[in-house]
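Residue strings, one per chain:
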Amino acid sequence: MALRLLTHFDVRADVLPSLAAEAGDTGVLETAYESLRVLNIERNGNIIYTYKDNKGNAVFGIYDCQTRQNEHLYTFEKDMQAVSCSVNSERTLLAASFVQYTKEGVRSELHPGSKCLTLLVEIHPVDSVKVLKAVDSCIWVQFLYPHAESHRLQSHLLLISEEKYIERFHIQITREDGNRVVIRNSSHLPRDRIAEDFVWAQWDMSEQRLYYVELEQSKSVLKCIQFWADESFTLMFEMPLDISLSGLRFKFVNFGYDYRQDQEKLCNQPSLCVFTNHTGSLCVCYSPKFDSWEEVTYSVFYLHKGYRKTFTAAPGSAGSHVAKGITFLNLGCLVAVYIPGHFLHLLNIQHPDLTCHSLFLTGSKMAAVLPPSPLQSLPGSLVLDCSSGKVYRATVDQSYLMWFLWNAARLDCDKMAALHCALLCGQDPGFQEDQVIQWICEHASACHSFDLIQELLIASSYWSVYPELADVDKLLAHSSVLAWNEEIPGVMLVTEELPLLLMKVYNLTGYWAKLNSNLEYVKYTKPHLHYHNSVVRREWHSLVSEEKTGKRRSTMYVRNILDNAVKVILNMETRTLEPRLIPLLQEEDRHQRLLVGLMVSELRNHLVRHLQCVEKKKIEQTVLDYISKLLNLTWCMLETIWRKHSAHPWVPRLVYNISWESLPVVLRGTTRDNRVCGSHTTLLSLPSNKHGSAAEFEVFHLMTRILDATNSLCFPLPPDLDNSEKNEKLKFSIVARLPPLLGQKVCRFWDHPMSSNIISRNHVAQLLKDYKKEPRNSMIGKSSFPTEFLPLNCFIEILTGLESSHQALCGFEGQDNVDSEFVEEAALKHTTVLLGL
C-alpha cells in the first residue's frame, strides 16, 4: 500500500490507562470506554476528548502531545451529548456546546425553544459558567490561538452556527487571589460578525485561517480570512470556483467531528476541502455528487498555478460497489485521493504540470489498509479517524514504492511517477536512496520516453537542496522531461486555465508572501527561469579550445574557476562519512575541474540574480551542495554496480573518463596533437585472452548509459585514473579485448607508448598489405634519420615511399598525425623500454 499510517494518538490507548489509575472502578472504565471520543485538536497539537462517567456526566479532558500526559478539564453534571469543545492556549477557559438526550433517546429541551446549549467556563480554577448561546441550531466553538505563547489577559472565541454565520467573542479576564482567572464583565461580552450566508467552511488550526464559500449570483465564491497575532483579521482573497454545491448539507471541515451525521448520506454529497503547505501552494479539492458509480470525477484547483485539472477514473473492479465517497488527504507536497478498495491517486502538488509526476494506482487492494471509517485531513499530514478516535501521521510508504518499481511498474509513466514520489519524500527518515540507485542501475534502459539516469540526477539533486532555499523550485529544474503527451491508462484528464488569484492585502509575509511569489511567477515569468547548463557547455568548450590553441584567459579568471572545483571536492569529502570502494576524485583532471568550476560559477550567478534577498553565503553553500550531489549520485551508481559484481573472482575495477566528444567508449588522455579526447570508459582487470561475461557487459553498458545521460546535460563526472603502472594494465585490458576495428580507434585517443605501439603496428600492416619488393637504390644518408640503425633506417625509408603514393594516402585518410616518422619514434621508445634503458 502506497500510504502508511503511523499512529500519533489513540484515544483508548493513550487515555484509558490514566482513567483506570484515577478511578479504580471497572464500571467507570467500561462506561468511559464506550463513550470516549475525540472532539477537537488545537493549534498546539493538544487533543480534547470527552467521555461519560458512571453517572452519565459529560467529562472533558486534554492530552498534551508534548508531555504525553492527560489533564482533566471540566465535568458537566448533566447527561448531555457534547458536540464541540475548545480550550484557550493558557487552559484557563473552556467553551463547549451540547445537545441533551434522555435515556430513551428523545431530546429534552435545555431552554424553552432551544436544542443546543453553548457554555463558557472558567476552569482555573473551576468557577462560574456562562451561557453564550441557547438556540435551536447547532453551534461549534473554537478558540483562536496566538502565534507565540503568552500570558494574555484576553481570549478570542469563534462561534460557528448552523444558521450560516460566524461570530467572534472577545473575552477579557483578570487574575485574582494569585492565579485565579475570572471573566470580566461576563454578562456583556463584545462580539463581531466574521462571516455570514455561507454554505461551507473549513478551519485551518495550524495557520489560524478560515476558508468559506458564499453563493453570489449562483456562483460559488471561495474566501479566506486570516487571523493575526495582534488579534485582528483580514479577508485575504476571493476566488470564484466553477463548482456545484447543490444538495450539499451545511458542512464544516475541521471544527471537530459531528458524530450525529449520517455517513451513508454524506458519502453521496459534494466534497470540498482546501490544502496548503509552506511552499506557498493553495489547492482546492472538489468531488461532485455522483450520479453513477461507473466512473468517478473529481477536480483539483491549483490556485497557485492558475489552472484546474479534472480527473475521471473508473472506481476499480467491474461491478464492484463503492460504499464510501472520495477522501482527500493532505501529505504536504502530495495530495492523496482515494476510494477505499478501489483506487489511490498521489497528486504532485509542487509540480503538477505533467501527469507523469503523479502516481495513479488502481485495484481492489488499493487503500485496503486505510480505515473504512470517515477520515479528516489535518495540517502536518495528520489524519483523524473519527470513529476510532485515532490520529495518524500519513506518509508515503517507501518500501511499497520500491516494491512497485521492481515488480509492478510496467509503463514509463508509472516508473516516472513512483520515482518522483520516492525522491520527493527524500527527507523522510525511511527514505533509502541506495535502493533507488540500485533500481536505476538495473533498469537504466527500461524507459523509452525519458532517460532514467538523467531523471535521477536532476530530480534527486533538486530535492536535496529544496529545503535549504526558498523559491529554488522556480530556478532549478526538477525533471528532465519538459512535455508529456502520453495518456494515463484508466484516467481521463481535462486541464482548464483559471484567472489568477488576486490578493487583497499588500506587504505580505510568511505563507502569503510565498503564495504571492508563486502567482507573480506564473503571471510575469516567460520563459521559465530554470537554470540550464547550455552556457556552461559553451564556455567550457571555449576554454578547452583556447588551451588547445595556446590562447589563455586571464590567470585570475581560470584560477577562480579551478578554486570553485576544489570547493566542490572538499564539500563532497566532508559529506562522505564511509570509505568508498571506488577511488574516484584521486587524480587531478584540469578539463573536468574547469567544467565543475564553471558550473559553480554560472549556477551561483543565476541564483544571485534572482534571489537578491538571500545572503550570498547561503547561496554559495546551496550551489556546492547541488553540484556535490550530482557527482555523488554518479559515484553511488559506480559503487552499486561494483558491489553487485564484487563477489566474482575477477573483481572488476571501474574507471571513469571525463570528456564529452568523439567515440562513445574510449580511453582517457589527450591525442598526439593535444586534442581533448572524447568520452568515458569502463576498464576491467581481466586477462586479455578472455571474452567478456554477461556481468562485464552489464557494467560496461551502464557506464555508457551514464555517459549518454551526462553528456547531453553537460553535467560533471568524477575524474578518472592516471597512467600509473597499475592503471596502465587496467586500460590496456580493455583495448586488447575490444573488437579490432574499435580497438584501433580507441588507441588513437590514449596518449601512451603502448597505444602508440598498437597504432604503429596497424599503420605498418596497412602499408605493407599489398607491398611487392622491387630492386631499388637506397638513398639513405646519415643526416636523414635521428638514430643510425641501418635496419630501422631502411624500413622507414620504405614506409616513406609507400606513404607518398596516392593510394596510401587515401587508405589512411583520417589517421591524424600517423606517418613513418611516428612509427620510427614509437619503435625507438618501445625498444628502449624492452632494453630497460
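Analysis parameters
- Residues numbered from 1 in each chain as written.
- Predicted model: local features only at pLDDT ≥ 70, side-chain atom pairs only at ≥ 80, totals over all residues.
- Heavy atoms only, no water.
- Helix = DSSP H or I, 4+ residues; strand = E, 2+ residues; numbered from the N terminus.
- Buried < 20%, exposed > 50% of the residue type's maximum accessible area, 1.4 Å probe, protein only.
- Contact = heavy atoms within 4.5 Å.
- Salt bridge = Lys/Arg side-chain N within 4 Å of Asp/Glu carboxyl O.
- Axes fitted to C-alpha atoms, helices over the stretch in contact; angles between N-to-C directions.
- Parallel < 35°, antiparallel > 145°, perpendicular 65-115°, else oblique.
- Left-handed = near helix turned anticlockwise from the far one by under 90°.
- Pairing = 2+ DSSP bridges.

- Per an unreviewed UniProt entry, the protein chain is named Gamma-secretase-activating protein isoform X6, and its organism is Mesocricetus auratus.

Re unusual backbone geometry
- Here the bond from H124 into P125 is cis, since omega is -5°, no more than 30 degrees from zero.
- Take P125: it is sitting in the loop between β8 (116–123) and β9 (126–135).
- The residue R91 is not glycine, and still its phi comes out positive at about 55°.
- With respect to the helices, strands and loops of the structure, R91 is situated in the loop between β6 (80–87) and β7 (93–100).
- Taking relative accessible area as the criterion, R91 reaches 18% and is therefore assigned buried.
- Despite not being glycine, K164 has its phi angle at roughly 70°, a positive value.
- As for its placement among the helices and strands, K164 is situated in the loop between β11 (154–161) and β12 (165–176).

Focus on the environment of P125
- Using a relative accessible area of 44% as the deciding quantity, one classes P125 as partly exposed.
- Separated by 57 residues in the primary sequence, P125 and V182 place their C-alpha atoms 9.1 Å from one another.
- When sequence neighbours within four positions are dropped, the list of residues in contact with P125 reads R180 and V181.

A word on the pattern of salt bridges
- Following the criterion strictly, the structure yields 21 salt bridges and no others.
- Across the pair K133 and E167 runs a salt bridge whose closest N-O atoms are separated by 3.4 Å. A residue pair is termed long-range when its members are at least 10 positions apart, and K133 in strand β9 and E167 in strand β12 qualify at 34 residues.
- Classification of K133 as buried rests on a relative accessible area of 11%.
- A relative accessible area of 6% places E167 in the buried class.
- Note that K644 is salt-bridged to E442, the shortest N-O span being 2.7 Å. Of this pair, K644 sits in helix α12 (residues 616–645) while E442 sits in helix α6 (residues 433–442), and the two are 202 residues apart along the sequence.
- Note on K644: relative accessible area 37%, which makes it partly exposed.

What to know about the packing of α6 against α12
- Relative orientation of the contacting elements α6 and α12 amounts to 70°, with a least axis distance of 9 Å. Between α6 and α12, the crossing angle belongs to the class labelled roughly perpendicular. Between α6 and α12 the crossing geometry is right-handed. On α12, the residues that touch E433, I437, Q438, I440, C441 and E442 of α6 are K629, L633, C636, M637, T640 and K644.

Things to note about the sheet that holds strand β1 (residues 3–10)
- Here four strands make up an open sheet; going across it, the order is β1-β30-β29-β28 and the pairing antiparallel. Across the chains shown, the open sheet's two edge strands, defined by having one partner strand only, are β1 and β28 (375–378). Between one strand axis and the next, the sheet turns by 30° as a mean value, whatever way the strands run.
- Relative to strand β30 (residues 390–396), β1 runs antiparallel, the two being bridged by seven bridges. Residue pairing across strands places L5 opposite A394, the latter belonging to β30.

Digging into the sheet that holds strand β20 (residues 271–276)
- Reading across the sheet, the five strands line up as β20-β21-β22-β23-β31 and stay open at both edges, with antiparallel pairing between neighbours. Strand pairing shows two members of the sheet lacking a second neighbour, β20 and β31 (491–497), which therefore form its edges. The mean inter-strand angle of the sheet, taken between neighbouring strand axes irrespective of direction, is 15°.

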